[in-house]
Amino acid sequence: MEFQAVVMAAGGGSRMTDLTASIPKPLLPVGNRPLLWYPLNVLERAGFEEVIVITRKEIQKVLNLDTKMKLDFVCISDNMDMGTADSLRHIHQKIKTDVLVLSCDLITDVDLYKVVDLFRTHDATLSMLMKKTHEPTELAPGQKGKKKPVEQRDFIGVDDTGKRLLFMANEADLDEELVIKRSILQKHPRMHIRTGLMDAHLYCLKKYVVDFLVENRTITSLRSELIPHLVRKQFSSTSLQQGLDNKEEDQKKKEQASLDIYSFIKEDNSLLKPAPDNSCWNDHRGDMNESLHEGKVRCYVHIMKEGLCYRVNTLGLYIEANRQVPKLLFNLGLEEPLVHGSAQITDRGMVGSDSIIGSSTQVGEKTSIKHSIIGSMCTIKDKVKITNCIIMNSVTIEEGCCLQGSVICHNAVIEKGADIKDCLIGSDQRLEAKAKHVNEVIVGTEQLMEI
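Applying the stated criterion across every chain yields a total of 3 aromatic pairs. Relative to Phe-119, the ring of Phe-3 lies with its centre 5.4 Å away and its plane at 50°, an arrangement referred to as tilted. Of the two residues, Phe-3 is situated in strand 1 (residues 3-8) and Phe-119 in helix 5 (residues 113-121); the sequence distance between them amounts to 116 residues. According to the relative accessible area criterion, Phe-3 is buried, its value standing at 7%. Positioned above the aromatic ring of Trp-37 is the side chain of Arg-33, whose terminal nitrogen or guanidinium carbon lies 4.4 Å from the ring centre.

Here is the structure:
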């Protein structure tokens, strides 16, 4: 077994609390599939047979996933506030090989081997996936007229190949200027600084990185702490590592060295070292000089130039991902009908070709559905107009309603003649007949208290 796969599915969705207050993030329906299905599908397409899923008990209880893989669930207690590095540390006894870590909010049609092959070819410490940042085409419900929050940019430095990851810093961590260490430029005089790239939260990591995390408990996040640390360590001095063999090294420096990533790297292929260039036993396909003469920590990135890649971590990106699902399913070769066979639709011609209708949903006469996703077991009565909406499961929409650009969560009831535009309606909410709501978030006091 070359890699073990781990999917992180315990996060609460802190940037989309209006939506996740009543629906755990891994269970959010995207194209009538739980969000967690999408990273698992990436792994299944790549040939994985087993996956460790780190989640919470309430999520595992209700999950019903269509997968042939064996899922090893590790549940984190609800009162434990764990970062992604904490979660990986929590399961370290299960990790026996190099590891592939994915977030549950990743939706992509990437060829996983492009990331994995970088890892293999260069005997890398880390390889990761990035893509150009995708901004939602429209503001999310409840956000129109509000000032858009300013996102802190990432500065990503790559070499001429665009694959070696040389530098990584977030705007929030910088002073007024961007400082590049001389040690980087000595080895890579030409470096391309890029902004506008999204970290997909898909990482290949050496086993020794997990061992390092077990000992270094100050690191709690993979994205904001561990990955930048590894990138920096490529060009840092290894004096601590060398000092381990010096008997005169004082105890304090030895303790520091024991927590240095270099002290966890095992020496491999020692018999090949006397004559590496003449050896026919080359354990990877890259240039051997790179692995033998450069630092032992090496980081790489695959930057997707085409295809779909979303992190569903805001309400706006959740809506955008749902809009792209028909295209994604087509790209993945999942030729399932967009309208479920058990759905009962009176006027099929009034359902747009890019809309999805779930199982056992009933749609009445003269009801128009365009550019929308309707969940299972919904009741949509006569003369309803639905455009650019996401309707979750077991929703009732009565006669003559008009819904546009809105998200309606599970078990909501929209009474006769209501007019809803650019709204988020929470689970179990009931809107009165002929109610008119524009650009509102209606989630209920109990759900607001849970946030």
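Still to come is the rest of the account.
So, about the environment of Tyr-262. Of note, Tyr-262 is situated in the loop between helix 10 (251-258) and helix 11 (288-293). Residues Tyr-262 and Phe-212 lie 50 residues apart in sequence; the distance between their C-alpha atoms is 9.1 Å.

In this section: helix 7 (residues 207-215). Of the residues making up helix 7, those classed as buried are Tyr-208, Val-209, Val-210, Phe-212, Leu-213 and Val-214. On its buried face, helix 7 is in contact with helix 4 (84-90), strand 6 (98-103), strand 12 (197-205) and helix 8 (222-233).

The sheet built from 7 strands is open, its strands ordered 5-4-1-6-12-8-13 with mixed pairing. Two strands close off the open sheet at either side, each with one partner strand: strand 5 (70-75) and strand 13 (299-304). Mean inter-strand twist for the sheet, computed between neighbouring axes without regard to direction, equals 25°. Note that strand 8 (residues 126-132) and strand 13 share 6 bridges and pair parallel. Note that in strand 13 the partner of Ser-127 across the bridge is Tyr-300. Sitting on the sheet, helix 5 touches strand 1, strand 6, strand 8, strand 12 and strand 13, and the angle it makes with strand 8 is about 145°.

Right, let's talk about the sheet that holds strand 21 (residues 385-387) for a bit. A sheet is described by the order of its strands in space; here 5 strands give the open sequence 18-21-24-27-30, paired in parallel fashion. Each end of this open sheet is capped by a strand with a single partner; those strands are strand 18 (368-370) and strand 30 (436-438). This sheet shows a mean twist of 0° between the axes of neighbouring strands, independent of strand direction. The pairing of strand 27 (residues 419-421) with strand 30 spans 3 bridges and is parallel. Within strand 30, the position partnered with Lys-421 by the bridge is Val-438.

Attention now goes to the environment of Leu-424. On the secondary structure map, Leu-424 appears in strand 28 (residues 424-425). If we ignore the near neighbours within four places in the chain, the residues touching Leu-424 are Asp-18, Leu-19, Pro-141, Leu-315, Val-407, Cys-409, Glu-440, Val-441, Ile-442 and Val-443.

Okay, the environment of Cys-378 next. Position of Cys-378 relative to the elements: it lies in the loop between strand 19 (373-374) and strand 20 (379-380). Along the backbone, Cys-378 and Asn-393 are 15 residues apart, and their C-alpha atoms lie at a distance of 6.0 Å. Setting aside residues no more than four positions away along its own chain, Cys-378 makes contact with Ser-360, Thr-361, Gln-362, Ile-391, Met-392, Asn-393, Ser-394 and Val-395.

Averaged over all residues, the pLDDT of the chain equals 85, while 85% of them reach at least 70. Low confidence marks residues 239-245, where pLDDT is under 50. Its contacts with residues over four positions away, or in another chain, come to 9 contacts. A low-confidence stretch, residues 446-451 (pLDDT under 50), is modelled with 10 contacts involving residues beyond four sequence positions or located in other chains.

Attention now goes to a positive patch on the surface. Together, Lys-132, Lys-163, Arg-194 and Lys-305 line one region of the surface with positive charge. Here Lys-132 lies in strand 8.

This paragraph deals with the pairing of strand 12. Across the 9 residues of strand 12, 9 count as buried, placing the element largely inside the fold. Side-chain alternation along strand 12 places Leu-197, Asp-199, His-201, Tyr-203 and Leu-205 on one buried face and Met-198, Ala-200, Leu-202 and Cys-204 on a second face that is also buried. Looking at chain direction, strand 6 and strand 12 are connected through 4 bridges and run antiparallel. From the neighbouring strand, Val-101 faces strand 12, where its bridge partner is Tyr-203.

Okay, the pattern of salt bridges next. Counted by the stated rule, this structure contains 16 salt bridges. Taking the shortest distance from any N to any O, the salt bridge between Lys-206 and Asp-123 comes out at 2.8 Å. Placement of Lys-206 in the loop between strand 12 and helix 7 and of Asp-123 in the loop between helix 5 and strand 8 is noted, with a sequence separation of 83 residues between them. Residue class for Lys-206 comes out buried when judged on its relative accessible area of 15%.

Quick look at the nonpolar core now. Buried together is how nonpolar side chains tend to be arranged in soluble globular proteins. Leu-19, Leu-43 and Tyr-318 are the most contacted members of the largest nonpolar core, which has 67 residues in total. Top contributing element to this core by residue count: helix 12 (residues 315-331), with 8 residues. In this structure, Leu-43 is in contact with Ala-5, Val-7, Phe-48, Val-51, Met-69, Leu-100, Leu-102 and Leu-112, ignoring residues within four places of it in sequence. Within the second largest apolar cluster, 42 residues are counted, among which are Val-6, Ile-156, Ile-219 and Cys-299.

The residue Asp-123 is not glycine, and still its phi comes out positive at about 45°. Accessibility expressed as a relative area gives 28% for Asp-123, which makes it partly exposed. With a phi close to 65°, Asp-428 is a non-glycine residue in the positive phi region. In this fold, Asp-428 is placed in the loop between strand 28 and strand 29 (430-431).

Next up on the list: helix 12. Between its terminal C-alpha atoms helix 12 stretches 24 Å, which fits the 24 Å expected from 17 residues at 1.5 Å a residue. Taken across its 17 residues, helix 12 has 12 buried, putting it largely inside the fold. Of the residues making up helix 12, those classed as buried are Leu-315, Gly-316, Leu-317, Tyr-318, Ile-319, Glu-320, Ala-321, Asn-322, Val-325, Pro-326, Leu-328 and Leu-329. Looking one or two residues past helix 12, Gly-333 carries a phi angle of roughly 75°, positive in sign.

Scoring rules and cut-offs
All residue numbers here refer to positions counted from 1 along the written sequence of the relevant chain. In view of the model being predicted, local features appear only for residues whose pLDDT reaches at least 70, and side-chain atom pairs are presented and counted only at 80 or more, with totals across whole chains, interfaces and linings using the full set of residues. Computation of side-chain values: all heavy atoms of the structure, hydrogens and water removed. Pairing of aromatic side chains requires ring centres within 6.5 Å, counting the rings of Phe and Tyr and the six-membered ring of Trp. Pairs whose planes differ by under 30 degrees are stacked, by over 60 edge-to-face, and all others tilted. The secondary structure listing takes helices from DSSP runs of H or I that are at least 4 residues long and strands from runs of E that are at least 2 residues long, numbered from the N terminus. We call a residue buried when its accessible area falls under 20% of the maximum for its residue type, exposed when it is over 50%, and partly exposed in between, using a 1.4 Å probe and counting protein chains only. By definition here, charges over rings are those cases where NZ of Lys or CZ of Arg is within 6 Å of the ring centre and within 35 degrees of the ring normal. Contact criterion: two residues are considered in contact whenever any of their non-hydrogen atoms come within 4.5 Å of each other. We treat two strands as partners when DSSP finds at least two bridges between them. Angles run from 0 to 180 degrees between N-to-C directions of axes, and those axes are lines fitted to C-alpha atoms, restricted for helices to the stretch in contact. The quantity known as pLDDT measures the predictor's confidence residue by residue, on a range of 0 to 100. Within the patch definition used here, like charges are joined within 9 Å and nonpolar side chains (Val, Leu, Ile, Met, Phe, Trp, Tyr) within 5 Å, considering only residues with over 30% relative accessible area and no salt bridge. Throughout, the Shrake-Rupley method with a 1.4 Å probe supplies accessible areas, and for residues the shown protein chains are the sole cover considered. When a carboxyl oxygen of Asp or Glu lies within 4 Å of a side-chain nitrogen of Lys or Arg, that pair is called a salt bridge. Residues scored as positive are Lys and Arg, those scored as negative are Asp and Glu, and His as well as the terminal groups of each chain are ignored. Here the site of a charge means NZ on Lys, CZ on Arg, CG on Asp, or CD on Glu. In this text, buried Ala, Val, Leu, Ile, Met, Phe, Trp, Tyr and Cys residues form a nonpolar core when linked through side-chain atoms within 4.5 Å. Multiply 1.5 Å by the residue count of a helix minus one, and that product is the helix's expected span.

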